[in-house]
Structures are given as structure tokens and as C-alpha cells.
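Next come the chains, spelled out residue by residue.
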Amino acid sequence: MKLPPNIEKLTPYDPALIRYPVKLDANESFIPMPETIRQKIVAAVAEVPLNRYPDPMATDLCAAAADFWGVAPNCVVAGNGSDELIALLLTAFVPHGGRVLISQPDFSMYAFYADVQEAVCVFLPKTDGTPDCEAFVRSYRADGGDLIIFSNPCNPTGQGVVTQEIESLLQRVDCPVVVDEAYMDFWKESAVSLLARYPHLIILKTCSKAMGLAGIRLGFALGDAQRIDVLKKVKSPFNVNSITQVIGCVILQEKDFLAQCRARIIQSKQTLEQTLQNRAGSDYRVVPTQTNFVLLQTPKATQLYTGLLTAGVLVRKIGHDLLRITAGSEEENACFCEAFFCILKERIL
Ligand SMILES: *Cc1c(COP(=O)(O)O)cnc(C)c1O
């Protein structure tokens with residue numbers, strides 16, 4: 001079978017074939033939906049006419065999202081996860097062979113979708129785990145760029161860029177600047193307040209992390225109405241299914257619950273960091289993060305990763321010396337710590 005070279009080299013995304021009892025690899029929320037909200041979801045889903053196509057513009061859902069983030073409804077488009085929106089942004093704004101400026105390391109899906117679309121990825125190394133806005137500007141001025149994209153705070157470095165720096169970047173480039181705020185629920189530097197003044201800013205939001213709805217696949221792009229309209233033009237007509245639309249409407253109205261989720265997840269991460277910090281020896285270093293995951297730098301990353309797997313604990317290995325551990329429930333964190341210290345103590349490595 002003859003395939004285009006950029007497609008030929010791909011492998012299916014399937015990070016964990018087996019289900020592990022303690023799953024701390026994907027930055028999901030550990031908080032179960034409270035029964036009262038679950039009942040509201042069940043009631044809303046029961047009303048969905050399954051024989052009908054969904055609302056292609058997800059009107060009610062986008063209105064709920066607009067209200068939640070304080071923007072106008074025509075400045076929001078919903079996607080089948082923010083993942084789909086990343087692909088749509090590249091389709092909409094980057095011509096064949098165009099340049100996408102990506103900070104390195106960052107979320108792998110940016111380069112993945114850029115590659116699939118045969119765009120040119122320009123990788124700009126991070127300084128101390130933070131996107132280097134000066135490097136974006138230099139590269140943009142020297143060779144041009146069709147789109148700049150980075151996560152803030154960043155997956156996987158856990159570091160973020162402050163709003164002021166994003167504003168300065170926006171003042172110096174004209175191409176769309178996509179700020180992926182998948183983890184902004186755990187930090188306080190959202191760029192949403194800049195949207196009104198910078199029409200080339202686009203912000204991605206997801207329901208997969210703090211909101212605890214990774215399973216329904218729902219994300220949003222917020223931006224200037226004209227650019228959001230472009231995304232609406234290129235998206236597939238029924239990209240967000242009816243069930244997801246009604247569940248999204250329910251959850252976005254549960255502001256108190258979502259605030260509690262954010263606080264509990266941050267607390268869990270801090271406790272886990274503290275536990276690891278208190279017992280840290282020369283084996284590893286706790287890298288501070290602004291996200292819902294703990295980052296450990298250790299020369300034994302590979303052995304620890306494998307040892308943890310054997311103990312039924314799945315985390316993510318990043319590069320050769322980093323482990324990314326999602327903040328879990330008390331029990332999950334305890335399982336992780338027990339296995340982790342056991343591996344270190346018994347010098348299984
Ligand atoms: C998890 C994550 C997302 C969320 O993707 P969805 O498709 O909305 O589940 C987006 N960006 C980054 C950087 C992430 O880590």
C-alpha cells in the first residue's frame with residue numbers, strides 16, 4: 001500500500017494497552033461526579049432525541065461556555081476535545097508548507113497535526129521549561145510564521161508564561177497565537193482578559209482535566225468572532241455529539257462544584273509533592289509545577305517507570321529523566337508513594 005510519507009511513518013495513539021489499577025498517566029481528574037450532578041446529567045441525556053443530528057453550532061453549549069469564561073457567545077466554538085480544535089486551527093490558518101512555531105518540549109499533538117497537514121514545524125527550545133516568547137518573535141521576524149501555539153501552563157514541563165509576557169508577544173506578531181489553557185484551572189495567569197484587545201489571540205479550553213469529563217470529549221476555542229467563524233467553516237458539521245452537548249451545558253453551570261474540584265486537585269498535587277519532597281534524597285528532584293501533575297527529575301526514570309508498572313501504577317515517562325505523575329485521590333497517591341519508595345528502598349534498580 002502506497003501512502004504519503006507523512007502518513008506512512010505514523011503509529012496509532014494507544015498509550016496504555018492494559019488497564020492499570022492506579023492510572024496516573026493522563027492528567028485526568030480523580031474526583032467522581034457528585035450524585036446530584038450525575039442525576040442532572042442523566043435527566044438531560046434522557047431528553048436527547050437520538051434519532052436527530054446534533055445542533056451543528058452547539059448553540060446552547062457555546063452560550064454556557066461563553067457565560068462561564070465571560071466572553072460573547074459568537075466568540076466560542078466547541079470541539080470534539082480541544083484536540084480536534086488544534087487540528088482545525090492548523091487547517092484554518094496554516095497553508096500547505098506553512099510555518100507553525102512550536103515551543104519545545106510541548107504537547108505532542110501540535111506537531112502531530114502540523115505534520116499530518118504537511119506544515120513545517122519550527123521547534124524553539126524552552127528556557128527553564130517556559131515558552132521563550134522572544135524566540136517566537138525572533139523566528140517570526142526572521143522567517144515568518146502562520147501560527148504560534150503553546151500550552152500554558154505547559155504539558156509536560158508544568159511551567160507557565162505570565163499574561164504580561166503573552167501580551168508582549170501579541171504586540172509583536174500578527175499571526176494567530178494559540179494559547180492552550182488546558183491546565184489554567186490550576187494557575188492564575190489566564191489570557192482570557194486579553195481576547196478583547198488582541199483579535200489574533202485564540203485560547204483553548206478543555207473539559208478533560210479539572211472538570212473531570214475526559215470521557216465526553218469536549219473542548220472550546222475562544223477568540224475574535226471572525227476567526228472563530230473560520231473554525232466553524234472548516235469543522236465537520238456535527239463534530240460535537242448531542243449527548244456531549246447536553247452534559248457540557250449541565251457541568252458549565254456547576255460553578256461551585258468546579259471551583260471545589262480545582263481546589264481539591266491542587267491540594268492533592270501539593271500534598272503529593274510535599275510527601276516526595278520530604279523524603280527526597282539524591283535519587284530524584286521534585287520540579288515545581290503549576291498544573292495537576294507532579295514532575296520528578298531522576299536519572300532512574302526508566303527503571304522507576306517499569307517498577308511502578310509492575311506494581312500496577314501507570315505514570316508517564318517524559319524524555320529520559322522525567323516522570324510525570326497525575327495528582328490522584330488520596331488512595332491513588334498512597335499507592336504511588338508506597339510503590340515508589342519501595343522501589344527506591346529495596347534498590348531494585
Ligand atoms: C490534556 C490536554 C489537552 C486536552 O485535550 P482534549 O482533547 O480536550 O481532551 C489539550 N492540551 C494539552 C496541552 C493537554 O495536556
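Residues numbered from 1 in each chain as written. Predicted model: local features only at pLDDT ≥ 70, side-chain atom pairs only at ≥ 80, totals over all residues. Heavy atoms only, no water.

**Considerations on the packing of helix α11 (residues 301-310) against helix α12 (residues 330-345)**
Stated precisely, the cut-off is as follows: In this description, a line fitted to the C-alpha atoms serves as the axis of each element, helices being fitted only across the stretch in contact, and the angle between N-to-C directions of two axes falls anywhere from 0 to 180 degrees. Put simply, DSSP marks the helices as runs of H or I at least four residues long and the strands as runs of E at least two long, and each gets a number from the N terminus on. Oblique is the label for any angle not under 35 degrees, not over 145, and not in the 65 to 115 range, which are roughly parallel, roughly antiparallel and roughly perpendicular in turn. Should the near helix be turned anticlockwise from the far one by less than a right angle, the crossing is left-handed, and should it be turned clockwise, the crossing is right-handed. A contact between two residues is defined here by any heavy atoms of the two lying within 4.5 Å. Charged means Asp, Glu, Lys or Arg here, nonpolar means Ala, Val, Leu, Ile, Met, Phe, Trp, Tyr, Cys or Pro, and polar covers whatever is left, Gly included.
Between α11 and α12, whose axes approach to 10 Å, the crossing angle comes to 125°. Our classification of the angle between α11 and α12 gives oblique. Handedness of the α11/α12 crossing: right-handed. Judged by residue contacts, Leu-304, Gly-307 and Leu-308 of α11 engage Phe-336, Ala-339, Phe-340, Ile-343 and Leu-344 from α12. The class makeup of the residues in the contact of α11 with α12 is seven nonpolar, one polar and no charged.

**Considering the pairing of strand β5 (residues 147-151)**
Stated precisely, the cut-off is as follows: Exposure is judged per residue with a 1.4 Å probe applied to protein chains only, and the accessible area is read against the type maximum: over 50% gives exposed, under 20% gives buried, and values in between give partly exposed. A pair of strands counts as paired when DSSP detects no fewer than two bridges linking them. With its strands directed away from the observer, a crossover is right-handed exactly when the path from the first strand over the helix to the second travels clockwise.
By the criterion of burial, β5 is predominantly enclosed, with five of the five residues buried. Both faces of β5 are covered, namely the face carrying Leu-147, Ile-149 and Ser-151 and the face carrying Ile-148 and Phe-150. Bridge count for β5 against strand β6 (residues 177-180) is four bridges, and the pairing is parallel. The residue of β6 that forms the bridge with Ile-149 is Val-178. Taken together, β5, helix α7 (residues 163-172) and β6 constitute a β-α-β crossover, and its handedness is right-handed.

**Some details on helix α6 (residues 133-143)**
Stated formally: Polar contacts, as counted here, are pairs of nitrogen or oxygen atoms within 3.5 Å of one another; within protein the pair requires one atom able to donate a hydrogen and one able to accept it, and residues that are adjacent in sequence qualify only if both atoms are side-chain atoms.
Among the residues making up α6, those that are buried are Cys-133, Ala-135, Phe-136, Val-137, Ser-139 and Tyr-140. Those residues of α6 that are buried lie in contact with β3 (99-104), β4 (120-125), β5 and α7. Where α6 begins, the side chain of Asp-132 points an oxygen toward the backbone nitrogen of Glu-134, at a separation of 3.1 Å. One or two steps after α6, the chain reaches Gly-144, where phi turns positive at roughly 80°.

**Structural notes on the layout of surface pockets**
Let me state the cut-off plainly: Grid points spaced at 1 Å and placed over the protein atoms alone form the basis of the search, with a cavity being a set where a 1.4 Å probe fits but cannot get out and a pocket an open set showing protein on both sides within 12 Å along at least five of seven lines. Lining residues have an atom within 4 Å of a point. Grid points are joined across faces, edges and corners, and a volume is the space filled by probe spheres set on the points.
Its volume calculated, the largest pocket comes out at about 1100 Å³. If you trace the largest pocket, you find 42 residues lining it, with Tyr-13, Asp-83, Phe-107, Met-109 and Arg-316 closest to the centre. Residue contributions to the lining of the largest pocket peak at six residues, all from helix α5 (residues 108-116). In the lining of the largest pocket, the residues fall into 19 nonpolar, nine polar and 14 charged.

**Details of unusual backbone geometry**
Between Gln-104 and the following residue, Pro-105, the backbone shows a cis peptide bond with an omega angle of 5°. Within the secondary structure, Pro-105 sits in the loop between β3 and α5. Of the consecutive residues Asn-155 and Pro-156, the connecting peptide bond is found in the cis state with omega at 20°. Among the secondary structure elements, Pro-156 is positioned in the loop between β5 and α7. The residue Asp-128 is not glycine, and still its phi comes out positive at about 50°. Following the sequence through the fold, Asp-128 ends up in the loop between β4 and α6.

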